[in-house]
Amino acid sequence: MAKVEHLLRKKCNFAPGKANSFYLCVILLNHFFSLAACLSLSAGAWATDVATVEWGNYFDGTTTAGDMSIGVALAGSDVIWQNVLGSTTGAADLFYGADKIFQGAESTAANNGNLAVTKTDAAGNALWTVYSNSGDFANQGGVATVADGAVYFYGKVRHSDGMFDKEICIVDAAGNKTEVGGTVTERYYRLILGKVDKDGKVQWIKLFDVENGKAPAGTKDFTADAVTAGGVAADAEGNVYISGAFAMPLTFGETTLTPKSAVAWDGKTQGVNDLFIAKFDAEGNYVASLTAESSAQKGNAVQSVTVSGGKLYFVGTANSAEGEAKATLGGKEFTASENASLFVGCASTADLSVEWLTSATGVKQDGQKSFACQGLAVCESCGNVWVTGALKGTLNVTGTQVSIASIQVSMNEGLIIRLNAANGEVLAGAVSRTAYNVSALASYVSAFQNPACPDKVYVYGYMMNAKEGAFIHTMPKIFRPIQTPLSVLLKTAVFPLHTALHTTARLRPLISLSAATRHLALLPILQ
């Protein structure tokens, strides 16, 4: 593992003394999904056989805390990265490794979020970047690709500070500028969805307006924030799906969605909002949407979507104002508690009709919310849906005796839940403390299941303490039938990579899997 750490620092060009930098380092792990990985490996076998660094690089903003990786997607053998890179006052240079990729907006703010959608080849060489030179992008949204190499990017944006008289501007790989949003007298957030072709040329960009809401009493220089960008996914026909939450009327083309909670909203996105999923065709035309038909709940949001086998799978969180409250989505009922509760669903990509919807009410622990969602994955041939995130407390699956509980009292634990893709039945669940017995604030970012290893799932995540960073491990025993109630969570062998990825609590890892090469890419993101 010491050799891996040396290779990591050498190939990723880490600069530990550069405190204002943001690093996105890609580590390709050879043979991870080879046939050997389907066998029962010992910790020693993992350490000596798998971790080989092939290449690494980083994206570098100019702020201490204004940089974030928003999404990653495969485009054949190439990779698409969507990041928000922070720049300080003035037009600062932003980098991929040692190479300047663009100049940030001429904002007067200490931190302006600049959009960067970069395509690299399999060896990590940058092929093109689509970027913003006007507009302040939030750390929300994502990126999706289709078979012809086209890329959809999705996010949340407002005008840059000091640039109210300039439109939000996106510059494509050929240097062509697309301006949207007009000029404004005050800043407020809106949603943005765009499409570029395989060569980085902008095909279209849509800006979705949200009614410029109200500010809470006593708030100075308030920026209206009545919308949240969740996930994005595309199907085989090139249709694109976006999700999120809204607290004031949201307009897609000629269609305006009105949240049930608009009257109660007090100007804070986190307070009262309704969920949405919207579908657009390959030309960016609005097709259909899905919102809650009725709601006695305080706040709902669809945080992630993915398409598999002609189905749209989605996951989100919900909260009630008091006690338990029920709502319906596509005619299917789900339940929320006063704490962060979970819902997972499946809809037809043809008309967004909901086929199944599963919910689990949260019971908080130590005064903190119970659940935070981070990932959604589907293995179509295996028939499994995987939901990952963090848990502090208990999730009680609605209509069943199944409960999934954390072990630590004071900190979040990584959470993984397995559901039947055909009907949404919760089959199993586990938390990270049962797999890796270390006291730390932890989360599972996502999970992958290799169809060649149908009895295992690979999860990855992070821990925030003085010793650990990122880790990957298998959870083969999560395939055992679930017990009711689920009181003793599933133990498994663990294969940590925290020695190689040793860092501080600023580490946030992600992983992408190339089905063609069967390589696993671990992306620790230093913010």
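Sequence positions are assigned chain by chain, starting from 1 and proceeding in written order. Per-residue local features are limited, in this predicted model, to residues with pLDDT of at least 70; the limit for side-chain atom pairs, both in listing and counting, is 80 or more; totals at the level of whole chains, interfaces and linings are taken over all residues. Side-chain calculation: all heavy atoms of the structure are included, whereas hydrogens and water are not.

Colleague: Any chance you could explain the overall build of the protein chain here in plain terms?
Modeller: Secondary structure is summarised from DSSP: a helix means a run of H or I of at least four residues, a strand means a run of E of at least two, and numbering begins at the N terminus for each. For the protein chain, the count of helices and strands is 3 helices and 39 strands. The proportion of buried residues among the 527 residues of the protein chain is 58%. The contact criterion used is simple: two residues touch if any of their non-hydrogen atoms lie within 4.5 Å. At a minimum sequence separation of 6, the contacts of the protein chain that also span at least 24 residues come to 62%. Only carbon and sulfur atoms are counted for the fraction: they give 49% of the accessible area of the protein chain, which is about 19,900 Å². The classification of residues rests on relative accessible area computed with a 1.4 Å probe and restricted to protein chains. Under 20% of the type maximum is buried, over 50% is exposed, and intermediate values are partly exposed. Computed with the Shrake-Rupley method and a 1.4 Å probe, the accessible areas treat only the protein chains shown as cover for residues.

Colleague: Whenever I open this one, the sheet that holds strand β6 (residues 93–96) confuses me. Can you help?
Modeller: Hydrogen bonds between backbone groups are what pair the strands of a sheet, and the pairing can be parallel or antiparallel. Pairing in this open sheet of 3 strands is antiparallel, and the strands run β3-β6-β7 from one edge to the other. In this open sheet, the two edge strands, each paired with only one partner strand, are β3 (59–60) and β7 (99–103). Of the pairings in the sheet, the one linking β3 to β6 comprises 2 bridges and is antiparallel in character. In the strand pairing of β6, F59 is matched with Y96. Strands are labelled as partners when DSSP assigns at least two bridges between them.

Colleague: What's the story with the pattern of salt bridges in this structure? I'm lost.
Modeller: For side chains bearing opposite charge, pairing can occur when the charged atoms are close. Within this document, salt bridges are pairs made up of a side-chain nitrogen of Lys or Arg and a carboxyl oxygen of Asp or Glu, the two lying within 4 Å of each other. Tallying each qualifying case throughout the model produces 9 salt bridges. One salt bridge in this structure joins R158 and D136, with 3.0 Å as the shortest N-O distance. Of this pair, R158 sits in strand β12 (residues 151–158) while D136 is found in strand β10 (residues 136–137), placing the two residues 22 residues apart along the sequence. Each of the two residues, R158 as well as D136, counts as buried. The shortest N-O distance in the salt bridge between K198 and D199 comes to 3.4 Å. The structure contains a network of salt bridges with shared partners spanning D136, R158 and R187.

Colleague: Is there a simple way to explain the pairing of strand β25 (residues 325–329) in this structure?
Modeller: Look at any regular strand and the pattern is simple: side chains alternate between the two faces of the sheet. Burial along β25 is one-sided: A325, A327 and L329 are buried, while K326 and T328, pointing the other way, are not. Hairpin geometry of β25 and strand β26 (residues 332–336) is characterised by an intervening segment of 2 residues between the two adjacent antiparallel strands and by a positive phi of about 60° at G330.

Colleague: I keep staring at the pairing of strand β18 (residues 240–246) and nothing clicks. Help me out?
Modeller: Among the 7 residues that make up β18, 7 are buried, leaving the element largely enclosed by the rest of the structure. In the sheet, strand β17 (residues 227–234) pairs with β18 via 6 bridges, with the strands oriented antiparallel. From the neighbouring strand, A233 faces β18, where its bridge partner is Y241. The antiparallel hairpin formed by β17 and β18 contains 5 residues in its connecting segment, where G238 sits at a positive phi of about 90°.

Colleague: I tried to follow the sheet that holds strand β9 (residues 126–134) on my own but got confused; where do I start?
Modeller: Taken in spatial order, the 6 strands make up an open sheet running β4-β5-β8-β9-β13-β14, and their pairing is antiparallel. Looking at which strands have only one partner, the edges of the open sheet turn out to be β4 (68–75) and β14 (177–180). When strand polarity is set aside, the average angle formed by the axes of neighbouring strands in this sheet is 20°. As paired elements, β9 and strand β13 (residues 168–171) share 3 bridges and run antiparallel to each other. By the bridge assignment, S132 is partnered in β13 with I170. Lines fitted to C-alpha atoms define the axes, with helix axes restricted to the stretch in contact, and inter-axis angles between N-to-C directions lie between 0 and 180 degrees.

Colleague: What's the story with the side chain of K279 in this structure? I'm lost.
Modeller: Looking at the secondary structure, you find K279 in strand β21 (residues 274–280). D235 is the oppositely charged side chain nearest to the buried, salt-bridge-free K279, at an N-O distance of 5.0 Å. A 3.5 Å cut-off defines polar contacts: any pair of N or O atoms within that distance qualifies, except that in protein one atom must be a possible hydrogen donor and the other a possible acceptor, and neighbouring residues in sequence count only when both atoms are side-chain atoms. From its side chain, K279 meets the backbone oxygen of T349 in a polar contact 2.6 Å long. A distance of 3.4 Å separates a polar side-chain atom of K279 from the backbone oxygen of A350. Aside from chain neighbours lying at most four places away, what touches K279 is N239, V240, Y241, N285, Y286, V287, A288, T349, A350 and L352. A positive count includes Lys and Arg, and a negative count includes Asp and Glu. His and the chain ends are not counted in either.

Colleague: How should the nonpolar core be read in this particular structure?
Modeller: If you look at soluble globular proteins, the nonpolar side chains tend to sit buried side by side. Throughout, nonpolar core names a set of buried Ala, Val, Leu, Ile, Met, Phe, Trp, Tyr and Cys residues whose side chains join them through atoms within 4.5 Å. I242, F252 and F276 are the most contacted members of the largest nonpolar core, which totals 29 residues. Secondary-structure elements contributing two or more residues to this core are β12, β15 (190–196), β16 (202–208), β17, β18, β19 (250–252) and β21. Each residue touching F252, except ones within four places of it in the same chain, is listed here: F208, I242, L257, F276, A278, F280 and Y286. In this structure, Y313, L395, V402 and L415 belong to the second largest nonpolar core, which totals 23 residues.

Colleague: Help me understand the environment of E211 in this model?
Modeller: When you line up the elements, E211 lands in the loop between β16 and β17. Overall, E211 belongs to the partly exposed group, its relative accessible area being 46%. With 35 residues separating them along the chain, E211 and F246 place their C-alpha atoms 10.0 Å apart. What E211 contacts, discounting residues up to four positions off in sequence, is M248 and P249.

Colleague: So what exactly am I meant to see when it comes to the packing of aromatic side chains here?
Modeller: Both the distance between ring centres and the angle between the ring planes are used here to describe each pair of aromatic rings. Pairing of aromatic rings covers Phe, Tyr and the six-membered ring of Trp, with a centre-to-centre limit of 6.5 Å; geometry is then stacked below 30 degrees between planes, edge-to-face above 60, and tilted otherwise. Tallied over the full model, the rule gives 12 aromatic pairs. Here the aromatic rings of Y313 and W356 are separated by 6.4 Å at their centres, their planes lie at 55°, and the arrangement is tilted. Taken as a pair, Y313 in strand β24 (residues 311–320) and W356 in strand β28 (residues 354–364) lie far apart in primary sequence, 43 residues in all. Geometrically, the ring pair formed by F334 and F343 is tilted, given 5.0 Å between the ring centres and 40° between the ring planes. As far as the burial class goes, F334 and F343 line up, both buried. In textbook terms, an aromatic cluster arises when at least three aromatic residues are bridged by ring pairs, as seen for F208, F246, F252, F276, F280 and Y286.

Colleague: Explain the side chain of N112 to me, please; I cannot follow it from the model alone.
Modeller: Tracing the chain through its elements places N112 in strand β8 (residues 112–120). Setting aside residues no more than four positions away along its own chain, N112 makes contact with L85, G86, S87, A105, S107, G135, D136 and S160.

Colleague: Sorry if this is basic, but what is going on with the confidence of the model for the protein chain here?
Modeller: For any part of a model where pLDDT is low, the fine detail of the predicted coordinates should not be relied upon. Here pLDDT means the predictor's own confidence in every residue, given as a number from 0 to 100. Confidence in the prediction for the protein chain averages 75 pLDDT; 71% of positions are at 70 or higher. Put simply, strand β39 (residues 519–526) is where the protein chain has its lowest mean pLDDT, 28, and β16 is where it has its highest, 98. Note on residues 1–51: pLDDT is under 50 here. Beyond four places in sequence and across chains, it has 143 contacts. Scored below 50 in pLDDT, residues 480–527 shows 174 contacts in the model against residues more than four places distant or in partner chains.

Colleague: Is there a simple way to think about unusual backbone geometry in this case?
Modeller: For residues that are not glycine, phi is negative in most cases, and the peptide bond is trans in most cases. Phi is positive for L352, close to 65°, though the residue is something other than glycine. Take L352: its relative accessible area is 3%, and that puts it in the buried class.

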